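Residue-level listing of the chains:
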Amino acid sequence: MKERVSRGIALEKPAKRDFPVMQRAYEFITNPKRIGAALTRTGTYLLLSGFSFVFLFPFLYMLVNSLKTNADLNNILVNWVPRDLKFENYIIAYRALDYFTYAKNSVFITIVTVIGHLLSCSLIGYGFARYNFPCKKVLFLLVILALIVPVQTLIVPMYMVYANFGWLNSYLPIIVPTFLGYGLKGTLFIFIFRQYYLGLPKDLENAAKIDGAGFLMTYWRIVLPIAQSALLVTVVLSMVWHWNDFYEPGIYAQKATMTMLPARLNNIVRLVNLPPEEMFEDMQLIDQENSINNAVLMAGTFMVITPILIVFGFLQKKFMQGIERTGLTGE
Amino acid sequence: MKKIRFNMEKKQMLEGLVFVSPFILGSALFFIFPLFVSIKLSFGKVVKMLGFKIEWEGTANYLRAFLVDTEFVPMFLDIVKQTLTKAPLIIVFSLILAILINKKIRFRGFFRTVFFIPFLLGMGEVMKQLLNQGVDKQVVFLGDGSLIPREILAYLGTSVVNAIDTFFGVIVVVLWGSGVQILLFLSGLQSIPDSLYESAKIDGATEWEMFWKITLPMISPIMLLNIIYTLIDSFTNVTNPILAYIQEQAFSKIQFEYAAAMGWIYFLFILIVVFLVMGILNRYVYVAEAKGAKRNERKSI
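Residues numbered from 1 in each chain as written. Chains lettered and ligands numbered in written order. Predicted model: local features only at pLDDT ≥ 70, side-chain atom pairs only at ≥ 80, totals over all residues.

**Concerning the overall build of chain A**
Phase 1 of the analysis: Summing up its helical and strand segments, chain A has 18 helices and zero strands in all.
Phase 2 of the analysis: Counting every position in chain A, which comprises 331 residues, the buried fraction comes to 40%.
Phase 3 of the analysis: Nonlocal contacts in chain A, meaning residues at least 24 apart in sequence, comprise 77% of its contacts between residues at least 6 apart. (Helix = DSSP H or I, 4+ residues; strand = E, 2+ residues; numbered from the N terminus. Buried ≥ 20, exposed ≤ 12 C-beta atoms within 10 Å, placed from the backbone. Contact = placed C-beta atoms within 7 Å.)

**Remarks on the overall build of chain B**
Phase 1 of the analysis: Secondary structure assignment for chain B yields 14 helices and two strands.
Phase 2 of the analysis: Per-residue burial over chain B gives 33% buried out of 301 residues.
Phase 3 of the analysis: A separation of at least 24 residues holds for 69% of the contacts in chain B among residues at least 6 apart in sequence.

**Considerations on the nonpolar core**
Phase 1 of the analysis: Counting 140 residues, the largest nonpolar core has A:F193, A:V240, A:I268, A:V296, B:L120 and B:F185 as the members making the most contacts within it.
Phase 2 of the analysis: Here the element with the most residues in this core is helix α18 (residues 294-326) of chain A; it accounts for 12 residues. (Core = buried A, V, L, I, M, F, W, Y, C linked by C-beta atoms within 7 Å.)

**Description of the interface of chain A and chain B**
Phase 1 of the analysis: Contact residues are listed per partner, giving 76 residues for chain A and 85 residues for chain B.
Phase 2 of the analysis: Of all the secondary-structure elements, those providing two or more residues to the side of chain A that touches chain B are α4 (32-66), α7 (99-130), α8 (136-148), α9 (151-165), α14 (228-244), α15 (247-252) and α18 of chain A.
Phase 3 of the analysis: When the residues that make up the side of chain A that touches chain B are grouped by side-chain class, the tally is 56 nonpolar, 17 polar and three charged. (Nonpolar A, V, L, I, M, F, W, Y, C, P; charged D, E, K, R; others polar.)

**Here we look at unusual backbone geometry**
Residues and elements named next belong to chain A.
Phase 1 of the analysis: The phi angle at D98 is positive, at roughly 55 degrees, despite the residue not being glycine.
Phase 2 of the analysis: With respect to the helices and strands, the residue D98 is situated in the loop between α6 (88-97) and α7.
Phase 3 of the analysis: A positive phi angle, near 65 degrees, is found at C135, a position not held by glycine.
Phase 4 of the analysis: Structurally, the position occupied by C135 is in the loop between α7 and α8.

**Considering helix α10 (residues 179-190) of chain B**
Residue and element names in this part refer to chain B.
Phase 1 of the analysis: The end-to-end C-alpha distance of α10 is 17 Å, a good match for the 16 Å that 12 residues give at a rise of 1.5 Å each.
Phase 2 of the analysis: With 11 of 12 residues buried, α10 is to be regarded as a mostly interior element.
Phase 3 of the analysis: For α10, the set of buried residues is G179, V180, Q181, I182, L183, L184, F185, L186, S187, G188 and L189. (Expected span 1.5 Å × (residues − 1).)

**Brief notes about the environment of B:T85**
Phase 1 of the analysis: With respect to the secondary-structure elements, B:T85 resides in helix α3 (residues 72-102).
Phase 2 of the analysis: Separated by 130 residues in sequence, B:T85 and B:T215 have C-alpha atoms that sit 25 Å apart.

**A short note on the confidence of the model for chain B**
All names here are of chain B.
Phase 1 of the analysis: Across chain B, the average pLDDT comes to 81, with 87% of residues at 70 or higher.
Phase 2 of the analysis: At the low end of the mean pLDDT range in chain B sits helix α8 (residues 150-156), at 70; at the high end sits helix α11 (residues 194-202), at 90.
Phase 3 of the analysis: Confidence over residues 289-301 falls short of pLDDT 50; this stretch has 15 contacts with residues more than four positions distant or in other chains. (pLDDT = per-residue confidence, 0-100.)

**Observations regarding the packing of α9(A) against helix α14 (residues 256-281) of chain B**
Helix-helix packing: each pair is described by the crossing angle between the helix axes and the interaxial distance.
Phase 1 of the analysis: Where α9(A) meets α14(B), the axes come as close as 8 Å, and the angle between the chain directions of the two elements is 150 degrees. Classed by the angle they form, the pair α9(A) and α14(B) counts as roughly antiparallel. For the pair α9(A) and α14(B), the crossing hand works out as left-handed. Residues A:Q152, A:T153 and A:V156 of α9(A) touch α14(B), and the partners they reach there are B:F256, B:A259, B:A260, B:G263, B:W264, B:Y266 and B:F267.
Phase 2 of the analysis: Of the residues assigned to the contact of α9(A) with α14(B), the class counts are seven nonpolar, three polar and no charged. (Axes fitted to C-alpha atoms, helices over the stretch in contact; angles between N-to-C directions. Parallel < 35°, antiparallel > 145°, perpendicular 65-115°, else oblique. Left-handed = near helix turned anticlockwise from the far one by under 90°.)

**So, the packing of helix α11 (residues 186-198) of chain A against α14(A)**
Residues and elements named next belong to chain A.
Phase 1 of the analysis: Contact pair α11 / α14: the axes reach a minimum separation of 10 Å and the direction vectors enclose 165 degrees. Taken together, the axes of α11 and α14 lie roughly antiparallel to each other. Of the two possible hands of crossing, α11 and α14 adopt the one that is right-handed. Contacts between α11 and α14 involve F189, I192, F193 and Y196 from the former and A230, V233, T234 and S238 from the latter.
Phase 2 of the analysis: Here the residues of the contact of α11 with α14 sort into six nonpolar, two polar and no charged.

**Considerations on the environment of B:Q255**
Residue and element names in this part refer to chain B.
Phase 1 of the analysis: With respect to the secondary-structure elements, Q255 resides in the loop between α13 (241-252) and α14.
Phase 2 of the analysis: Assessed through the 18 C-beta atoms surrounding it within 10 Å, Q255 is described here as partly exposed.
Phase 3 of the analysis: Linking Q255 and S94, residues 161 residues apart in sequence, is a C-alpha distance of 40 Å.
Phase 4 of the analysis: Every residue in contact with Q255, bar those within four places of it in the chain, is listed here: Q249 and A250.

Set out below in structure tokens:
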């Protein structure tokens with residue numbers, strides 16, 4: 001019925017020229033399909049905005065609270081818009097964290113381990129995807145098993161192994177495994193690379209081999225450059241996991257000077273919970289307004305995560321393209 | 001010098017071994033050997049740390065976990081319950097979100113980045129501090145009357161309101177923890193050819209029908225991968241209370257043997273669950289019948 005009506009309208013062509021807006025609005029209203037589409041679109045955006053709010057919440061909360069003054073923090077009426085912005089919180093947090101000393105540790109570990117994962121896992125994944133060799137199935141089962149075994153099941157014997165190597169209180173227990181395909185979720189990256197190479201056509205490699213390139217040369221010059229998307233996915237995941245990891249560093253590298261940056265947040269928590277007099281003594285603070293409170297803690301938290309956010313900001317576009325292109329998972 | 005010549009097959013084999021050699025070395029050092037020591041430890045007693053001197057003690061450590069320790073079994077059941085409630089939620093929500101951001105919409109790049117932010121915050125110290133501040137409960141907080149008027153809240157009663165708040169608190173944490181799953185689904189959705197949807201549209205299929213008849217079967221291998229990833233991630237997360245308990249037993253109370261035994265019980269349980277899930281769900285995973293369809297020959301594991 002309704003279709004017929006709209007067709008009838010379309011016949012009155014002069015009217016369309018006179019009131020194009022009205023005409024279009026009328027056609028729109030009388031066409032249920034277009035209304036449906038518009039409703040779905042609005043619904044989609046509403047849903048997405050709602051979810052975005054949930055996903056942005058921890059980030060926004062951190063940002064807003066890090067700028068609050070003591071008075072705003074205790075005022076339940078002040079929620080999202082602080083009455084005064086207090087940037088000093090960041091300076092206090094910077095001092096309490098001893099930011100650069102410990103950021104150096106974290107940056108060093110993260111860069112070295114990510115390089116380790118990139119080199120070893122891409123190599124191993126390529127071996128699994130392209131070659132046949134004895135015990136391949138057994139070895140691949142190990143890749144999966146190593147993913148399933150919780151770190152804690154092996155932590156005691158690992159500790160003993162490293163104690164025997166004399167590696168305790170150094171970063172070696174965290175760094176060396178990443179160069180051999182292990183380390184923090186290392187075998188997951190082997191799996192990602194394997195799936196990626198499986199989906200890649202062999203033509204380029206064959207061409208390179210016909211031209212006389214050796215197998216390692218082919219890998220280094222031909223395969224790795226095409227594997228850019230898988231490399232990027234590995235960089236982002238490995239970086240985030242290593243930066244936020246507190247478990248293994250906390251066990252193997254216990255010396256205070258070797259602490260990672262995120263673990264330093266506990267120092268701010270400790271200061272917040274101290275009785276005021278000791279806190280002032282500890283930080284050599286004089287006035288009440290600059291005391292260490294939850295706003296400082298949030299400022300510190302934000303500073304701890306900032307390097308990751310910056311790096312991700314640079315990689316973000318290519319990373320998302322990589323996700324689209326690779327099928328991170330293969331099939 | 002005479003060049004040694006191999007036949008093709010042998011050469012291939014050696015090249016392959018060169019590629020995986022780091023993994024073989026790594027497995028020996030950081031996986032198989034510790035695994036072996038760990039088994040020995042769980043059935044024995046440490047005599048000396050250096051040199052791995054361990055004495056045989058029998059199953060005492062295992063029996064202790066079930067019979068003597070009053071904390072282990074309840075903690076164990078609790079984590080199973082938690083995983084079983086959270087994993088389905090994660091899968092459903094991440095699939096919905098992945099479908100939404102896979103559509104041709106405006107600001108798609110923005111939404112994709114936003115959904116990845118909680119992953120960047122990680123599950124380590126940063127998130128711990130945020131959760132300590134009660135961020136998860138403030139996202140949807142009915143008590144302040146901004147979403148639902150106070151009169152209605154008063155009518156519902158505090159226990160209902162609290163229940164709703166707790167429910168949303170769980171959902172919110174679930175959403176924050178589903179960054180990787182969203183990515184996996186997104187990449188799966190991207191690999192479905194548009195031509196399938198186009199031909200379905202010409203045949204008059206609705207969006208709803210297309211979801212059940214095209215999207216879901218095509219994405220089922222990744223669904224399986226995702227379910228297994230979620231299970232493993234939930235069981236082996238370092239923030240997991242049972243794993244913290246194992247660590248405490250090992251390093252604070254210096255009971256390496258008992259910790260190893262608990263670790264093994266827990267690991268065997270995970271292994272059984274993963275294999276069960278794989279066995280059951282593998283039947284439902286869609287594999288294209290057409291032999292020419294090369295992409296579907298590879299099965300997910």
